[in-house]
Amino acid sequence: MTTKDRQIERRWEQLHTWGPYGLLGTSVVLAFASAGRLFGSSAEWYAAWALIVAAVALQLWWHGTRARRAGRGRIPSRAGTAYYVVRWAIGFALTWIDPFCAFYAAAGYMDADELIPGRWQRLGLFASAVTVAGAQAGGLPFGSGVQWILFAALLVANSGLQMVVAHLTQQEAQRSRERTETITELERTNAALQQALDENAALHAQLLVQAREAGVADERRRLAAEIHDTIAQGLTGIIAQLQVVANTPDPGAARVHLGRASELARQSLGEARRSVHNLAPVALEHDGLPEALKKTVADWARRTGVRADFTLTGTAEHLHEEISATLLRIAQEALSNASRHARAARLGVTLSFMGDEVTLDVRDDGRGFDPATVPARTGNGGFGLDGMRARAERVAGSLTLESEPGHGTAVSARVPLVRHDR
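Keep in mind the model is a prediction, meaning the values are calculated, not measured. (Residues numbered from 1 in each chain as written. Predicted model: local features only at pLDDT ≥ 70, side-chain atom pairs only at ≥ 80, totals over all residues. Heavy atoms only, no water.)

A. View of the pairing of strand β5 (residues 409-416). When you tally the buried positions in β5, you get 6 out of 8 residues, the bulk of the element. As judged from the 8 bridges shared by strand β3 (residues 357-364) and β5, these two strands associate in the antiparallel manner. Residue pairing in the sheet places V358 in a bridge with V415 of β5. Looking at chain direction, strand β4 (residues 398-403) and β5 are connected through 6 bridges and run antiparallel. (Buried < 20%, exposed > 50% of the residue type's maximum accessible area, 1.4 Å probe, protein only. Helix = DSSP H or I, 4+ residues; strand = E, 2+ residues; numbered from the N terminus. Pairing = 2+ DSSP bridges.)

Now the structure itself:
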């Protein structure tokens, strides 16, 4: 409830409390002023003052009763109904003695809704209208038929007026209740919303912490994979070439392998420097993915002595750097695995551009293996299949493996085709 609503409520309370006193005093003053003395005959004089005393006593009694019921609001009660009926009777009797006392009887107009239960309120208002209309028609009792006609007309007018006022009052009360209920519901909704906002803020902070931790962990895995795919593979190739040099008695062949080892060392050094800057493969620095794959396959074939072919299908697109790097790293890891384990006589790498996807296939005719028996990665090994699969999934792709002992191995990576931002 707003401050203005509370002020209006307090004024209504004051009117209901002190209004009957004021109307009774007004009736007495007007009756005395109109007659030159208070009321007419001595009998009327005694009766009128007895009724006035009774009215004051009734008001004092109701004043105390109303104060005791202050916490219950405007709820009709038996005590309130009895007070209304007795007050109406006193007002009717006083009006019978002097019509100016109808002012006191008019008090029934302003508090019938508070004192009388709903279905009896109209009856109470009608009774008050009878008293007021009687006074307006010239005073009770009536001495002619004209007064009766005038009384009937005034009764209809007073009843109609008070019915309209009562209807408007009920509507205003209904709107007030609805407004109060709406305010209460809004307060409850605001409280729930504030609680939800607080919970959301706490959840957002928690998600930020988790995202930061996940980002750090992912970056560590990515860095480890990049180092493995660059420096580690280069060193592996160098070691292989040096082992050939150590085991060959032919100086010419040794120089060839030493040259290859030197070339691998330079490439590894370039990869290391490149990794320091942005971890992008050196092979992609000047070439697109198809060219980089073709050179990588040719270099691998020259080092291992295995026949290897590269095939491009579809219309080549300029891919996003991350997509190109991912597919190149997967190809390098697959070639490294083939050189260490496959003992193949032939290997093929196919890059396919297919609408919204890019597919990389690496197939060999080596000895194959049972995918269900692949051992877990150790600290001395490479990132292997798990590393290739993690790379593909990091760019919303997937990786599948097909292999069977004695029938070779096929690795297929499928990633979305994301074009380079020019």
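Anyway, onward from the coordinates.
B. A look at the packing of aromatic side chains. In this structure the tally under the stated criterion is 10 aromatic pairs. Geometrically, the ring pair formed by W45 and Y46 is edge-to-face, given 5.0 Å between the ring centres and 90° between the ring planes. A relative accessible area of 34% places W45 in the partly exposed class. According to the relative accessible area criterion, Y46 is exposed, its value standing at 58%. Relative to W148, the ring of F142 lies with its centre 4.8 Å away and its plane at 80°, an arrangement referred to as edge-to-face. (Phe/Tyr/Trp six-rings, centres within 6.5 Å; stacked < 30°, edge-to-face > 60°.)

C. Region of interest: the sheet that holds β4. Taken together, the 5 strands give an open sheet; going across it, the order is β1-β2-β3-β5-β4, and neighbouring strands pair in mixed fashion. Here the strands that pair on one side only, and so sit at the sheet edges, are β1 (307-313) and β4. In this sheet, adjacent strand axes meet at a mean angle of 10° when their direction is disregarded. Summarising the sheet, strand β2 (residues 346-354) and β3 pair through 8 bridges and their orientation is antiparallel. Along β3, the bridge assignment pairs L351 with L360. In the packing of helix α9 (residues 289-304) onto the sheet, contacts are made with β1, β2 and β3, and the angle to β1 comes to roughly 170°. (Axes fitted to C-alpha atoms, helices over the stretch in contact; angles between N-to-C directions. Contact = heavy atoms within 4.5 Å.)

D. Here's a closer look at helix α3 (residues 78-97). Between its first and last C-alpha, α3 extends 29 Å over 20 residues, near the 28 Å set by a 1.5 Å rise per residue. Taken together, the buried positions of α3 are G80, Y83, Y84, R87, I90, G91, L94, T95 and I97. The buried residues of α3 occupy an angular sector of 150° when projected down its axis, which confines them to one face. (Expected span 1.5 Å × (residues − 1). Arc of directions from axis to C-beta.)

E. Summary view of unusual backbone geometry. For the bond running from L140 to P141, omega is -10°, close enough to zero to count as cis. The backbone phi angle of R343 is positive, close to 55°, even though this residue is not glycine. The topology assignment puts R343 in the loop between α10 (321-342) and β2. On the basis of relative accessible area, R343 is assigned to the exposed category, the value being 70%.

F. Examining helix α6 (residues 121-136) more closely. Here α6 is 16 residues long and its end C-alpha atoms lie 23 Å apart, about the 22 Å a rise of 1.5 Å per residue gives. Along α6, 12 of the 16 residues are buried, which leaves the element largely enclosed by surrounding structure. Along α6, the positions that sit buried rather than exposed are Q121, G124, L125, A127, S128, A129, V130, T131, V132, A133, G134 and A135.

Honestly, it's all geometry; don't read function into it.
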